[in-house]
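Working through the structure, step by step
The lines below spell out each chain.
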Amino acid sequence: MFLKKRSIPNILTIFRIALVPIIIVLILVKSSNIYSFTINAQTYYFSLNYVIAGSFFVVACLTDFLDGYLARHNKWVSDFGKLWDPIADKILINSILICFAVQHLTLVWIPIVMIGRDIIVDALRMYAVSQKRTIAANIFGKLKTVFQMIGILIIFFVFNASNKDINCCLVNYYWLQNMFMYLALITSVVSGVIYFVKYSQSKQHK
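Residues numbered from 1 in each chain as written. Predicted model: local features only at pLDDT ≥ 70, side-chain atom pairs only at ≥ 80, totals over all residues. Heavy atoms only, no water.

Quick look at the packing of helix α3 (residues 48–73) against helix α4 (residues 79–102)
Where α3 meets α4, the axes come as close as 11 Å, and the angle between the chain directions of the two elements is 160°. When the axis of α3 is compared with that of α4, the two are roughly antiparallel. In this structure, α3 meets α4 at a crossing whose hand is left-handed. Here Tyr 50, Phe 57, Ala 60, Asp 64 and Asp 67 of α3 come into contact with α4, specifically with Asp 85, Asp 89, Leu 92, Ile 96 and Phe 100. Broken down by class, the residue content of the contact of α3 with α4 amounts to six nonpolar, no polar and four charged. (Axes fitted to C-alpha atoms, helices over the stretch in contact; angles between N-to-C directions. Helix = DSSP H or I, 4+ residues; strand = E, 2+ residues; numbered from the N terminus. Parallel < 35°, antiparallel > 145°, perpendicular 65-115°, else oblique. Left-handed = near helix turned anticlockwise from the far one by under 90°. Contact = heavy atoms within 4.5 Å. Nonpolar A, V, L, I, M, F, W, Y, C, P; charged D, E, K, R; others polar.)

Next up, the structure:
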């Protein structure tokens, strides 16, 4: 029973990864269930399949919080969790951002920059580990994730009709979610720079 309990965080991580293809299908499948509401003479559109996908995304985010809490609180930390928990987060968020870009729901270059940053930083951290050096995470990396999640939730539950469907200016229509995506972009770049600075400092002190 003890071993089974220790496996709960890992099971939640696997479950989070398993939700990704379901969310992707719901985003990419064309839906005729488009609804609208009006605020200050501006009409906003939302799609039912995006709301369902957003619900799965909320569940995935909750599993992320829960597996981390259980692992830390009960000391159920494992090598599997250390490796796959951050990978699951990146697969979840980056896959959704790519789908949003394909569907014209966010500016294409934003996920390109953020995903490129993740690849470069992860490569740097792996290289640092090979040299027996550890680069600690920084607050800007956590802020990046928070801003990404808020922006994604806004798209899922509010502004989720394709730009091509509504024929309006993407930047103006999605100003709210783009604000959080820009904040995510800025904190992503800043955290990446901090990783390189810390690596450089650790090299000098070695």
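Description of helix α6 (residues 139–157)
When the terminal C-alpha atoms of α6 are compared, their 27 Å separation across 19 residues agrees well with the 27 Å that a helix rising 1.5 Å per residue should span. Inspection of α6 places Gly 141, Lys 144, Phe 147, Gln 148, Met 149, Gly 151, Ile 152, Ile 154, Ile 155 and Phe 156 among the buried residues, and these make up the whole buried set. With a side-chain oxygen lying 3.1 Å from the backbone nitrogen of Phe 140, the N-terminal cap of α6 falls on Asn 138. (Expected span 1.5 Å × (residues − 1). Buried < 20%, exposed > 50% of the residue type's maximum accessible area, 1.4 Å probe, protein only. Polar contact = N/O pair within 3.5 Å; in protein donor to acceptor, adjacent residues only side chain to side chain.)

Topic: the environment of Ser 7
Mapped onto the elements, Ser 7 comes out in the loop between α1 (2–6) and α2 (8–28). Residues Ser 7 and Val 77 lie 70 residues apart in sequence; the distance between their C-alpha atoms is 9.4 Å.

Overview of the layout of surface pockets
Computed from the structure, the largest pocket encloses a volume of approximately 1,500 Å³. Around the largest pocket sit 46 residues that line it, and Lys 82, Asp 85, Pro 86, Asp 89 and Lys 90 are the ones nearest its centre. Among the secondary structure elements, those contributing two or more residues to the lining of the largest pocket are α2, α3, α4, α5 (109–130) and α6. When residues of the lining of the largest pocket are assigned to their parent elements, the largest contribution, 11 residues, is made by α4. Residues belonging to the lining of the largest pocket are distributed by class as follows: 21 nonpolar, 11 polar and 14 charged. (1 Å grid on protein atoms, 1.4 Å probe; cavity = no way out; pocket = protein on both sides within 12 Å on 5 of 7 lines; lining within 4 Å. Points joined across faces, edges and corners; volume = space filled by probe spheres on them.)

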